[in-house]
Amino acid sequence: YESYLKGQFHWYKLTPTDLKTALEYYEVALEHDPEYAPAYAGISLAWAGLQQMALVPPSEAGPQQRAAALRALELDPTLVEVQYALAVVKTWTDWDWPPAEAAFLRANDLNPNYPDVRAYYSHFLCSMKRPDEAMEQMERAAELDPFHPLILGLHGAALAMVGRYDDAIEKFQTLLRTIPNHPVALYGLLGVYFVKGMFEEAKEAAASYYSVIELTPALEALESGYVEGGFPEAMRRAGDALAALAEVTRIPPIEVASLYTYAEMNHEAVEWFERAYEDRDPNMPYWSAWPMSDSVREDPRFQELLRRVGLPE
């Protein structure tokens, strides 16, 4: 149990080093008890984190995540941690919506006071375009653990997805005061500032985000582009830089798609969203509700892509 708790401590930080350290602690827990279901649930969530943060490709992380969750389910389906891990697999890896919601509801029944479950269920509901239910879940999660950095970040993202942009900015800025340069807050601010037309602030958030995740080519391109052509040119150049880099190394297609979205380059954005769909990118479900250009959102090809994922338009 002590090893499991140490794993949880590191998992919540969502950095590459911490996620790998979390995996190590969960494995230590299994050395003490090979049938310890929470450790398998933890392993599943650690692989989910590695996949979500684009540190491991879905083709590698997805099977590991799924196998650990199913092993935990086999050992003890009555644990909230196990149903939670299963819900995460079904939502962001399998895109299998009815079983995902069933697992979230089962987890909430098992422990109504587990904030992580409610926060991620809120994100599921945002993707399903059920904003009132989403905010009910997120507000309860925030009541249960108001100062946890992960909950703050998830709260900000949920507010952004339901269109409460000023409230989202406040949450993201609170998180940045707690953990400077937190990638979830920076990426969230990029989207919210963009839809509010606060392009200078959006550019600064983008620059900080690409600095934190160490994508230097994108950072350099957006800085030079902003000087020469403002925000759209900054996003275009950063997108072009990552698209070129993707020819020689792994760059998640959704990173390129998002930059072209903010540049309002519909054709290129949808093309890279198609690649993200083929890649089974775990962040695809977010784009049914994420702040973005209306011109891209209303593009029939993008709407068709959402239908193929099984998401509401």
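The preceding data block contains the structure.
Treat the numbers as computed from the prediction; the structure is a model and nothing was measured.

What counts, and where the lines are drawn
For every chain, the first residue of the written sequence is number 1, and numbering continues from 1 onward in sequence order. Totals for whole chains, interfaces and linings use every residue, but because this is a predicted model, local features are given only for residues with pLDDT of at least 70 and side-chain atom pairs only at 80 or more, for both listing and counting. Water and hydrogen atoms play no part in the side-chain values, which are based on all heavy atoms of the structure. Here, a salt bridge means any Lys or Arg side-chain nitrogen found within 4 Å of an Asp or Glu carboxyl oxygen. In this scheme, a residue with accessible area under 20% of its type's maximum is buried, one over 50% is exposed, and one in between is partly exposed, where area comes from a 1.4 Å probe on protein chains only. Lines are fitted to the C-alpha atoms to define the axes, a helix being fitted only along its stretch in contact, and any angle between axes, read from their N-to-C directions, falls within 0 to 180 degrees. Put simply, DSSP marks the helices as runs of H or I at least four residues long and the strands as runs of E at least two long, and each gets a number from the N terminus on. For this classification, under 35 degrees means roughly parallel, over 145 means roughly antiparallel, 65 to 115 means roughly perpendicular, and everything else is oblique. Crossing handedness: left-handed means the near helix sits turned counterclockwise from the far one by under a right angle, and right-handed means the same turn made clockwise. Whether two residues are in contact is decided by their heavy atoms, any of which lying within 4.5 Å being enough. Amino acids outside the nonpolar list (Ala, Val, Leu, Ile, Met, Phe, Trp, Tyr, Cys, Pro) and the charged list (Asp, Glu, Lys, Arg) are all regarded as polar, and Gly is one of them. Helices are assigned an expected span. That span is 1.5 Å times one less than the residue count. Stacked, edge-to-face and tilted are the three classes for Phe, Tyr and Trp ring pairs, Trp counted by its six-membered ring, which pair at centre distances within 6.5 Å; planes under 30 degrees apart are stacked, over 60 edge-to-face, the rest tilted. The rule for a charge over a ring is simple: NZ of Lys or CZ of Arg within 6 Å of the ring centre, and within 35 degrees of the ring normal.

Participant: Got a sec to walk through the pattern of salt bridges? Specific residues and values, please.
Facilitator: Pairing is possible between side chains of opposite charge, provided their charged atoms come close. The final tally for this structure, using the stated rule, is 21 salt bridges. Measuring nitrogen to oxygen at the nearest pair gives 3.1 Å for the salt bridge that ties Asp167 to Arg164. Here Asp167 falls in the partly exposed class, since its relative accessible area comes to 30%. Arg164 gets classed as partly exposed once you look at its relative accessible area, which sits at 35%.

Participant: Just give me the short version of the packing of helix 5 (residues 80–93) against helix 7 (residues 115–127), but keep the residues and values in it.
Facilitator: The geometry of helix 5 relative to helix 7 is characterised by a closest axis approach of 11 Å and an angle of 20 degrees between their N-to-C directions. Judged by the angle between their axes, helix 5 and helix 7 are roughly parallel. When the axes of helix 5 and helix 7 are compared, the crossing they make is left-handed. Judged by residue contacts, Val80, Tyr84, Thr91 and Trp92 of helix 5 engage Asp116, Val117, Tyr120, His123 and Phe124 from helix 7. Residue composition of the contact of helix 5 with helix 7, by class: six nonpolar, two polar and one charged.

Participant: Requested: an account of helix 12 (residues 199–212), with residues and values cited.
Facilitator: Counted at 1.5 Å a residue, the expected span for helix 12 with its 14 residues is 20 Å, and the 20 Å between its end C-alpha atoms agrees. Of all the positions in helix 12, only Ala202, Lys203, Ala205, Ala206, Ala207, Tyr209 and Tyr210 are classed as buried. Those residues of helix 12 that are buried are in contact with helix 11 (183–195), helix 13 (216–245) and helix 14 (253–262). Within two residues after helix 12, Glu214 carries a phi angle of roughly 60 degrees, on the positive side.

Participant: Any chance you could break down helix 2 (residues 16–32) for me, citing the residues and the numbers?
Facilitator: Taking 1.5 Å per residue, 17 residues should reach 24 Å; helix 2 reaches 25 Å between its end C-alpha atoms and fits that length. Among the structural elements, helix 1 (2–11) and helix 3 (37–52) are those in contact with the buried residues of helix 2.

Participant: Give a detailed account of the packing of helix 11 against helix 12, specifying residues and quantitative values.
Facilitator: The N-to-C vectors of helix 11 and helix 12 enclose an angle of 155 degrees; their axes lie 8 Å apart at closest approach. By the angle between their axes, helix 11 is roughly antiparallel relative to helix 12. Every pair of crossing elements has a handedness; the one defined by helix 11 and helix 12 is left-handed. Each of Pro183, Leu186, Tyr187, Leu189, Leu190, Tyr193 and Phe194 in helix 11 lies in contact with helix 12, whose residues at this interface are Phe199, Glu201, Ala202, Ala205, Ala206, Ser208, Tyr209 and Val212. Partitioning the contact of helix 11 with helix 12 into residue classes produces 13 nonpolar, one polar and one charged.

Participant: Describe unusual backbone geometry, with residues and values.
Facilitator: For Trp95, which is not a glycine, the phi torsion comes out positive at approximately 55 degrees. Mapped onto the secondary structure, Trp95 falls in the loop between helix 5 and helix 6 (97–110). Residue classification places Trp95 among the buried residues on the basis of a relative accessible area of 8%. Phi at Glu214 takes a positive value of approximately 60 degrees, unusual for a residue other than glycine. Residue classification places Glu214 among the exposed positions, given a relative accessible area of 66%.

Participant: How would you summarise the packing of aromatic side chains if you had to cite specific residues and measurements?
Facilitator: When we look at a pair of aromatic rings, we describe it by the centre distance and by the angle of the planes. Following the criterion strictly, the structure yields 23 aromatic pairs and no others. Taking 5.0 Å as the distance between ring centres and 55 degrees as the angle between the ring planes, the aromatic pair formed by Tyr187 and Tyr209 counts as tilted. Residue Tyr187 is located in helix 11, and its partner Tyr209 is located in helix 12; the two are separated by 22 residues in the primary sequence. Connected via pairs of aromatic rings, a cluster forms that spans Tyr84, Trp92, Trp97, Phe104, Tyr114, Tyr120, Tyr121, Phe124 and Tyr286. Sitting above the plane of the Trp272 ring, Arg275 keeps its charged end 4.0 Å from the centroid.

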